[in-house]
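Geometric and topological summary
Listed here are the chains, written in short residue letters.
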Amino acid sequence: MILVTGATGFVGQKLMEMCKDTIACPSLRNATEDEVHRIIEENDINTIIHTAAISDIGTCQNNPEASYIANVKLPLYLAKAATGRKLICFSSDQVYSAAKEEGPYTEDMVNPGNIYAQHKLEMEQRVLDIDPSAVMLRAEWMYDYYLKKSNYFMNILNAAGTLAFSSQQFRGLTYVKEVAENMEKVIALPGGAYNFGSETSKSMYDITKDFLALTGKNITLCDAPPRHNLWMNCEKARKYGVEFSTVEDGLARCAKDYGII
């Protein structure tokens, strides 16, 4: 049985929908260590997938204390309570947000450039100190046909007039359905941090140009100023059978799934 935190959120709801034998964790907002321990012990589970977080970078910058509680302290409570169970925590590609290399980034190239990223990296390191068998997933910007949370796919579908993406920025984008499809293999991963998502060799400008052509949207695409790369080499997880479509194929798959093309 799998306990999913953040079960009503963007990632959590997809895991609840697609993965077998899942149960929703009660809200952990303001939960104490004792309360987290009680929740774990009261449920007959062998796996915990922790998706709950404060993931908005601006919110974390403006309220670092709240970010620390949500993004560091709560995962540590789970790690301490997870004895004998598999713990999977969602981290972020933002841990590369100030990396000096151009990428694609391997797992050892981390250099966080904002409070959210700093807290995610601290979470990874401290959870693994407590539970070396835990798995940290450095997830990319995920998308779906989803109205409650801004994401790349919906931003493109809802765009009007002009869009701007940089021909000098490279980053991964991942269809959240493929995240859920990979969970069985993720649960079997050895402990550690893993880059997790779709790979690409194209810039955000070229990805968007091709996706606009695919969907037939009449949008003017402008070349934005350079931004820091956020693309990853996902070979480490792929060696264990964790497979994703390329960014381009994933976007096409999502568009077909929802009848956009």
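For the structure itself, consult the block above.
Structural notes, computed from the coordinates. (Residues numbered from 1 in each chain as written. Predicted model: local features only at pLDDT ≥ 70, side-chain atom pairs only at ≥ 80, totals over all residues. Heavy atoms only, no water.)

1. Considerations on the overall build of the protein
What the protein contains, in helices and strands, is 11 helices and 10 strands. The C-alpha atoms of the protein give a radius of gyration of 18 Å, which matches the 18 Å a tight globule of 261 residues would have. Overall, the protein is about 55 × 40 × 35 Å in size when its C-alpha atoms are taken along their principal axes. Within the protein, buried positions represent 52% of all 261 residues. A fraction of 77% describes how many contacts in the protein between residues 6 or more apart in sequence connect residues 24 or more apart. As displayed, the protein offers around 11,900 Å² of accessible surface, 47% of which is attributable to carbon and sulfur atoms. Once the 26 positive and 33 negative side-chain charges of the protein are each reduced to a mean point, those two points are 2 Å apart. (Helix = DSSP H or I, 4+ residues; strand = E, 2+ residues; numbered from the N terminus. Rg over C-alpha atoms; globule rule 2.2 N^0.38 Å. Buried < 20%, exposed > 50% of the residue type's maximum accessible area, 1.4 Å probe, protein only. Contact = heavy atoms within 4.5 Å. Areas by Shrake-Rupley, 256 points an atom, 1.4 Å probe, with all protein chains shown as cover. Lys, Arg positive; Asp, Glu negative; His and termini not counted. Charge placed at Lys NZ, Arg CZ, Asp CG, Glu CD.)

2. Notes on the side chain of Ser198
Following the sequence through the fold, Ser198 ends up in the loop between strand 9 (192-196) and helix 9 (204-215). Residue Ser198 is classed as buried on the basis of its relative accessible area, which comes to 1%. Polar side-chain contacts of Ser198 include one of 2.7 Å to the backbone oxygen of Ser245. Every residue in contact with Ser198, bar those within four places of it in the chain, is listed here: Glu140, Gly172, Leu173, Thr174, Glu178, Phe244, Ser245, Thr246 and Val247. (Polar contact = N/O pair within 3.5 Å; in protein donor to acceptor, adjacent residues only side chain to side chain.)

3. Topic: the pattern of salt bridges
Enumeration over the complete set of coordinates arrives at 15 salt bridges. With a closest N to O distance of 3.8 Å, Glu33 and Lys80 form a salt bridge. Of the two residues, Glu33 sits in helix 2 (residues 33-42) while Lys80 sits in helix 4 (residues 64-81), which places them 47 residues apart along the sequence. What makes Glu33 partly exposed here is its relative accessible area of 33%. Classification of Lys80 by relative accessible area gives partly exposed; the value is 46%. In this structure, Asp206 and Lys209 form a salt bridge, with 3.7 Å as the shortest nitrogen-oxygen distance. Taken together, the residues span about one helical turn, with Asp206 and Lys209 both in helix 9 at a distance of three residues. (Salt bridge = Lys/Arg side-chain N within 4 Å of Asp/Glu carboxyl O.)

4. Section: the nonpolar core
Of all hydrophobic cores here, the largest spans 26 residues; its most connected members are Phe90, Val179, Met183, Val186 and Phe196. Looking at this core, the elements with two or more residues in it are strand 1 (2-5), helix 1 (10-18), strand 4 (86-92), strand 5 (135-139), helix 7 (176-181), helix 8 (183-187) and strand 9. With near-sequence residues (within four places) excluded, Met183 lies in contact with Leu15, Cys19, Ile49, Phe90, Leu137 and Phe196. Core analysis: the next-biggest nonpolar cluster, separate from the first, contains 25 residues, Ile39, Ile40, Ile48 and Leu74 among them. (Core = buried A, V, L, I, M, F, W, Y, C linked by side-chain atoms within 4.5 Å.)

5. Points about the environment of Thr106
Among the structural elements, Thr106 can be located in the loop between strand 4 and helix 5 (115-130). For Thr106, a relative accessible area of 25% puts it in the partly exposed group. Thr106 sits 10 residues away from Tyr96 along the chain, and the two C-alpha atoms are 9.5 Å apart. Non-local contacts of Thr106, meaning those with residues more than four positions away in its chain, are made with Tyr96, Asn195 and Asn233.

6. Observations regarding the layout of surface pockets
Taken as a whole, the second largest pocket encloses approximately 220 Å³ of empty space. Around the second largest pocket, the lining residues are Met1, Ile2, Met18, Cys19, Lys20, Asp21, Asn46, Ala180, Glu181, Met183, Glu184 and Ile187. Taken together, the elements giving at least two residues each to the lining of the second largest pocket come down to helix 7 and helix 8. In terms of residues, the lining of the second largest pocket owes the most to one element, helix 8, which gives three residues. Among the residues forming the lining of the second largest pocket, the class breakdown is seven nonpolar, one polar and four charged. (1 Å grid on protein atoms, 1.4 Å probe; cavity = no way out; pocket = protein on both sides within 12 Å on 5 of 7 lines; lining within 4 Å. Points joined across faces, edges and corners; volume = space filled by probe spheres on them. Nonpolar A, V, L, I, M, F, W, Y, C, P; charged D, E, K, R; others polar.)

7. Quick notes on the sheet that holds strand 3 (residues 47-50)
Pairing is parallel across the open sheet formed by six strands, whose spatial order is 2-1-3-4-5-9. Each edge of the open sheet is held by one strand with a lone partner, namely strand 2 (22-24) and strand 9. If you compare each strand with its neighbour and ignore which way they point, the axes differ by 25° on average. Pairing analysis gives four bridges linking strand 1 to strand 3, with the strands arranged parallel. In the strand pairing of strand 3, Leu3 is matched with Ile48. Running at roughly 175° to strand 3, helix 4 makes contact with strand 1, strand 3 and strand 4 of the sheet. (Pairing = 2+ DSSP bridges. Axes fitted to C-alpha atoms, helices over the stretch in contact; angles between N-to-C directions.)

In short, the description is geometric, and any link to function would need to be established separately.
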